[in-house]
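# Residue-level structure breakdown
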Amino acid sequence: MKAQELETKSAGYFAYAAARDASMRAIAMWSHYTDRERVRAERMKLGLEMVYNAKGVYVNPRGKFIAVKVDRPQVRDRKNLALLEKDYELLGITKVLTEQGVTYRIPKI
């Protein structure tokens, strides 16, 4: 699976406000996705929790895609991760690497 790298910066002093804003946007954005898309994201989260040892795995709806973020990941099962990523690539899911972790983007159907 081809991975894209992004450079991000810390919110610093404004982290609390940024977290609240992100939470409110997530609540609003879920109304733009069907139940099928939500279930797909949750299944992906469960699969990633099985192959990564991470601080957390989060599902976050965005405007054009659903992001599944693996925070501070360490690969637990490389073989199954390779199988999952092969399937994700066939479904059009992209992988983005950042300093905070790995984010998988599920495009809107």
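Relevant structure appears above.
Residues numbered from 1 in each chain as written. Predicted model: local features only at pLDDT ≥ 70, side-chain atom pairs only at ≥ 80, totals over all residues. Heavy atoms only, no water.

The next point concerns the pairing of strand S4 (residues 65-71). By the criterion of burial, S4 is predominantly enclosed, with six of the seven residues buried. The pairing of strand S3 (residues 56-61) with S4 spans six bridges and is antiparallel. Its bridge partner being in S4, Val57 is matched across the sheet by Val70. Direction of pairing for S4 relative to strand S7 (residues 101-107): antiparallel, over a ladder of seven bridges. From the neighbouring strand, Asp71 faces S7, where its bridge partner is Gly101. (Buried < 20%, exposed > 50% of the residue type's maximum accessible area, 1.4 Å probe, protein only. Helix = DSSP H or I, 4+ residues; strand = E, 2+ residues; numbered from the N terminus. Pairing = 2+ DSSP bridges.)

Attention now moves to the sheet that holds strand S6 (residues 94-97). Taken together, five strands build an open sheet; the order of strands is S1-S6-S7-S4-S3 and the sheet is mixed. The sheet terminates laterally at strand S1 (3-5) and S3, the two strands that pair on one side only. For this sheet the average axis-to-axis angle between neighbouring strands, irrespective of direction, equals 25°. With three bridges joining them, S1 and S6 adopt parallel strand pairing. Bridge pairing in S6 places Gln4 opposite Val96. Each of S3, S4 and S7 touches helix H2 (residues 35-51); the most contacted strand, S4, lies at about 20° to it. (Axes fitted to C-alpha atoms, helices over the stretch in contact; angles between N-to-C directions. Contact = heavy atoms within 4.5 Å.)

So, on to the packing of H2 against helix H3 (residues 78-90). For the pair H2 and H3, the least separation of the axes is 9 Å and the interaxial angle reads 155°. Here H2 lies roughly antiparallel to H3, going by the angle between them. Judged by the sense of rotation from one axis to the other, the crossing of H2 with H3 is left-handed. Residues Met44, Gly47, Leu48 and Val51 of H2 pack against Asn80, Leu81, Leu84 and Tyr88 of H3. (Parallel < 35°, antiparallel > 145°, perpendicular 65-115°, else oblique. Left-handed = near helix turned anticlockwise from the far one by under 90°.)

Next up on the list: the pattern of salt bridges. If you walk through the whole model with that rule in mind, you get two salt bridges. The residue Arg25 makes a salt bridge to Asp21 at a minimum N-O spacing of 3.0 Å. Note that Arg25 and Asp21 are positioned in helix H1 (residues 15-29) at a spacing of four residues, about one turn of the helix. Using a relative accessible area of 56% as the deciding quantity, one classes Arg25 as exposed. The partner of Lys95 in a salt bridge is Glu85, and the shortest N-O contact between them spans 2.9 Å. Of this pair, Lys95 sits in strand S6 while Glu85 sits in helix H3; the two residues are ten residues apart in sequence, bridging distant segments of the chain. (Salt bridge = Lys/Arg side-chain N within 4 Å of Asp/Glu carboxyl O.)

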